[in-house]
Amino acid sequence: MKNRVYIKDLKDHVGKEITIAGWVDVRRDQGKMVFFDMRDVTGKVQCVALPSRADVIEKGKEIRPEWVLEITGIVNKRPEKNIKAGVLNGEVEMEVIGIEILNKAETLPFDITTDTSVINEDTRLKYRYLDLRSDRMQKNIRMRSEFVKRVREFLFSKMFTEIETPLLTESTPEGSRDFVVPSRINPGNFYALPQSPQQYKQLLMVGGMEKYFQIARALRDEDLRADRGFEHTQVDVEMSFVEMEDVMNLIEEMMTTVVESMGFKIKQKPFPRITYKESMSKYGADKFDMRTEEEKKDKNILAYAWVVNFPFFEKTDEGKWTFTHNPFSMPIPEHIDWLMKGENIENILTTQYDLVCNGYESGGGSIRAHKPEILEATYKVMGYSQEEIKDRIGHMLEAFKYGAPSHGGIALGVERNLMNLTGESYLREVVAFPMTRGGKTAVMNAPKSLEEKQLKELGIKLVK
Ligand code: ASP
């Protein structure tokens, strides 16, 4: 578009004729004059069609909210008495010379000029692209981008390499149900979508990458909750030659740098550390909110804490041992011996560290078992036979035979962190296209049945 000026920059063009483009926000018809606000990605500005321009007035009377316009006009300073406090560009307005209608809009199914969180979820998600135009959603989605950008910048400044890992992969023993994808060229066989890049990021350490990160999608077929969807994004990190302190210190520095640069205050630095045992006895849970009632009202305060010394194993309903967090973790150094001997299982602590913030788990990770015999011992404790171990993690045991460095990492949930930054209580408020509570995609119609031809190609027969 020729010489388009963003609304936020209008104040630098006072007295000049310029062009803006965007949506009609609200329109006020005042007899001889027409007023309307225009909105673009940077803000809003009041436009005035004066009676002296009959053609403009005529067009101005026709326009409706959410029409898409290109407006040519002169930027004027607004009279002092009219300047609305707090309104972006409150000090300037546009005297309209020309209106080009780029597209008309039907009346929207709901009002986007107010807080849309009260609107029926199905309607909101069916028309998510309209919902996204609302101030709050614009702010939330942009803040998410800002957060991820600053995380990336921080990690790059610390010599990390951003590496993608496969989406079509093998089922990982992360503890949740997998989403599976049928393979057309290997009928009867399935890929799993990754619950996390756990194994690949460890293999990258064996591959000598030393410092890896990825803004990774992770998929888990779990029951949907306010703070949990089928898919989520995590800042996934893995580092070689580190101990718990190294990872925790780096992530603490990262979170501090990122959120403080975004204008947030951290309640306590360095982040307090608490053992799982203390946390359970003090808060009755392994995540907690350390803010006072007063602080909870101030959206800008973030109370981070680390939780450490988690038990490595817990009993399943069938009375078998299973891992509490991550089977690839290393026990704390003092307990390696117990693991190797298969003794004292209930007392073995893992090197897991969880980062909590304002009542949510904002991340978690551990130092990994990089020696094949330690990883193997973990699986033996969980009752796997030699054959089952080989089948499950044989590739990892094999990889660890060829000079695997010590390593550890963490994953931080982007959505949960954003819920804290925005003060939102629902995941869907910080995701552009979230699912409904019933697991239906926003706007588009999934999941849905396949055509007979597709099923045949995949070698799938449905059971009615
Ligand atoms: N893979 C773990 C998770 O997704 C995080 C980690 O240990 O790095 O929860």
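Residues numbered from 1 in each chain as written. Predicted model: local features only at pLDDT ≥ 70, side-chain atom pairs only at ≥ 80, totals over all residues. Heavy atoms only, no water.

### Description of the overall build of the protein chain
Point 1. Broken down by element type, the protein chain carries 13 helices and 19 strands.
Point 2. A separation of at least 24 residues holds for 65% of the contacts in the protein chain among residues at least 6 apart in sequence.
Point 3. Each charge class in the protein chain can be summarised by its mean position, and for the 68 positive and 73 negative side chains these summaries are 5 Å apart. (Helix = DSSP H or I, 4+ residues; strand = E, 2+ residues; numbered from the N terminus. Contact = heavy atoms within 4.5 Å. Lys, Arg positive; Asp, Glu negative; His and termini not counted. Charge placed at Lys NZ, Arg CZ, Asp CG, Glu CD.)

### Structural notes on the packing of aromatic side chains
Point 1. According to the stated counting rule, one finds nine aromatic pairs in the structure shown.
Point 2. Measuring from centroid to centroid gives 4.5 Å for F312 and F313, while their planes differ by 10 degrees, and the two rings are stacked.
Point 3. The exposure class of F312 is buried, given its relative accessible area of 1%.
Point 4. Among the residues examined, F313 registers a relative accessible area of 3% and is labelled buried.
Point 5. Above the plane of the ring of W321 lies K315, whose end atom (NZ or CZ) is 4.4 Å from the centre.
Point 6. The ring of Y426 is capped by R428, whose NZ or CZ atom sits 4.5 Å from the centre of that ring. (Phe/Tyr/Trp six-rings, centres within 6.5 Å; stacked < 30°, edge-to-face > 60°. Buried < 20%, exposed > 50% of the residue type's maximum accessible area, 1.4 Å probe, protein only. Lys NZ or Arg CZ within 6 Å of the ring centre and 35° of its normal.)

### Quick notes on unusual backbone geometry
Point 1. The omega torsion across K269 and P270 is -15 degrees, close enough to zero to call that bond cis.
Point 2. Within the fold, P270 resides in the loop between β11 (265-266) and β12 (273-275).
Point 3. Residues A446 and P447 are joined by a peptide bond in cis, for which omega reads 0 degrees.
Point 4. One non-glycine residue, F241, adopts positive backbone phi at about 60 degrees.

### Comments concerning a negative patch on the surface
Point 1. On the surface, E170, E387, E388 and D391 cluster together into a negatively charged patch.
Point 2. Turning to its location among the elements, E388 is positioned in helix α11 (residues 386-399). (Patch = residues over 30% accessible without salt bridge, like charges linked within 9 Å, V, L, I, M, F, W, Y side chains within 5 Å. Areas by Shrake-Rupley, 256 points an atom, 1.4 Å probe, with all protein chains shown as cover. Salt bridge = Lys/Arg side-chain N within 4 Å of Asp/Glu carboxyl O.)

### Here's the deal with the side chain of Q198
Point 1. Tracing the sequence through the fold places Q198 in helix α5 (residues 198-206).
Point 2. When its relative accessible area of 3% is taken as the criterion, Q198 is described as buried.
Point 3. A distance of 2.9 Å separates a polar atom in the side chain of Q198 from a polar atom in the side chain of Q202. (Polar contact = N/O pair within 3.5 Å; in protein donor to acceptor, adjacent residues only side chain to side chain.)

### Quick look at the packing of helix α10 (residues 372-381) against α11
Point 1. At a closest axis distance of 10 Å, the pairing of α10 and α11 adopts a crossing angle of 145 degrees. As α10 packs across α11, the resulting crossing turns out to be right-handed. Of the residues in α11, those touching α10 at P372, L375, E376, Y379 and K380 are Q386, I389, I393, M396 and L397. (Axes fitted to C-alpha atoms, helices over the stretch in contact; angles between N-to-C directions. Left-handed = near helix turned anticlockwise from the far one by under 90°.)

### Examining the pairing of strand β2 (residues 33-40)
Point 1. Most of β2 sits out of view: seven of its eight residues are buried.
Point 2. Relative to β2, strand β1 (residues 17-30) runs antiparallel, the two sharing six bridges. Opposite D29, over in β2, you have V34 as the bridge partner.
Point 3. Linking two consecutive strands that pair antiparallel, namely β1 and β2, is a turn of two residues; a positive phi of about 65 degrees is found at G31 within it.
Point 4. With seven bridges joining them, β2 and strand β3 (residues 43-49) adopt antiparallel strand pairing. Paired with F36 across the strands is C47, a residue of β3.
Point 5. In sequence, β2 turns back onto β3 through a hairpin of two residues. (Pairing = 2+ DSSP bridges.)

### Here's the deal with the packing of helix α4 (residues 135-157) against helix α6 (residues 244-261)
Point 1. For the pair α4 and α6, interaxial distance at closest approach is 10 Å and the crossing angle is 135 degrees. Between α4 and α6, the angle falls in the class oblique. Taken as a pair, α4 and α6 cross one another with a handedness that is right-handed. On the side of α4, the interface is formed by F147, R150, V151, F154 and L155, while α6 contributes L250, E253, M254, M255, T257, V258 and S261. (Parallel < 35°, antiparallel > 145°, perpendicular 65-115°, else oblique.)

### Side note on the nonpolar core
Point 1. The biggest cluster of nonpolar side chains holds 65 residues, and the ones touching the most others in it are L155, I251, M254 and M255.
Point 2. At nine residues, the largest contribution of residues to this core is made by α6.
Point 3. Residues in contact with M255, not counting those within four places in the same chain, are F147, E260, F271, Y304, L355, L412 and N417.
Point 4. Counting residues in each nonpolar core, the second largest holds 23 residues, with I7, I18, F36 and I71 among its members. (Core = buried A, V, L, I, M, F, W, Y, C linked by side-chain atoms within 4.5 Å.)

### Here we look at a nonpolar patch on the surface
Point 1. A cluster of nonpolar residues, Y129, F433, V443 and M444, forms a patch on the protein surface that exposes about 440 Å² of accessible area.
Point 2. Tracing the sequence through the fold places Y129 in helix α3 (residues 128-131).
Point 3. The exposure class of Y129 is partly exposed, given its relative accessible area of 43%.

### Looking at the sheet that holds strand β4 (residues 68-77)
Point 1. Taken together, five strands build a closed barrel; the order of strands is β1-β2-β3-β5-β4 and the barrel is mixed. Strand after strand, the sheet turns through a mean of 55 degrees between neighbouring axes, direction not considered.

### Regarding the pattern of salt bridges
Point 1. Across all of its chains, the model carries 42 salt bridges by this definition.
Point 2. As a salt-bridge pair, K201 and D236 come within 2.9 Å of each other at their nearest N and O atoms. Highlighted residues: K201 in helix α5 and D236 in strand β10 (residues 231-240), separated in sequence by 35 residues.
Point 3. Linking D227 and R416 is a salt bridge whose minimum nitrogen-to-oxygen distance equals 3.9 Å. A residue pair is termed long-range when its members are at least 10 positions apart, and D227 in the loop between β9 (211-219) and β10 and R416 in helix α12 (residues 414-422) qualify at 189 residues.
Point 4. Put simply, D115, E121, R124, R128, D131, R136, E424, R428, E429 and R437 are held in one network by salt bridges that share partners.

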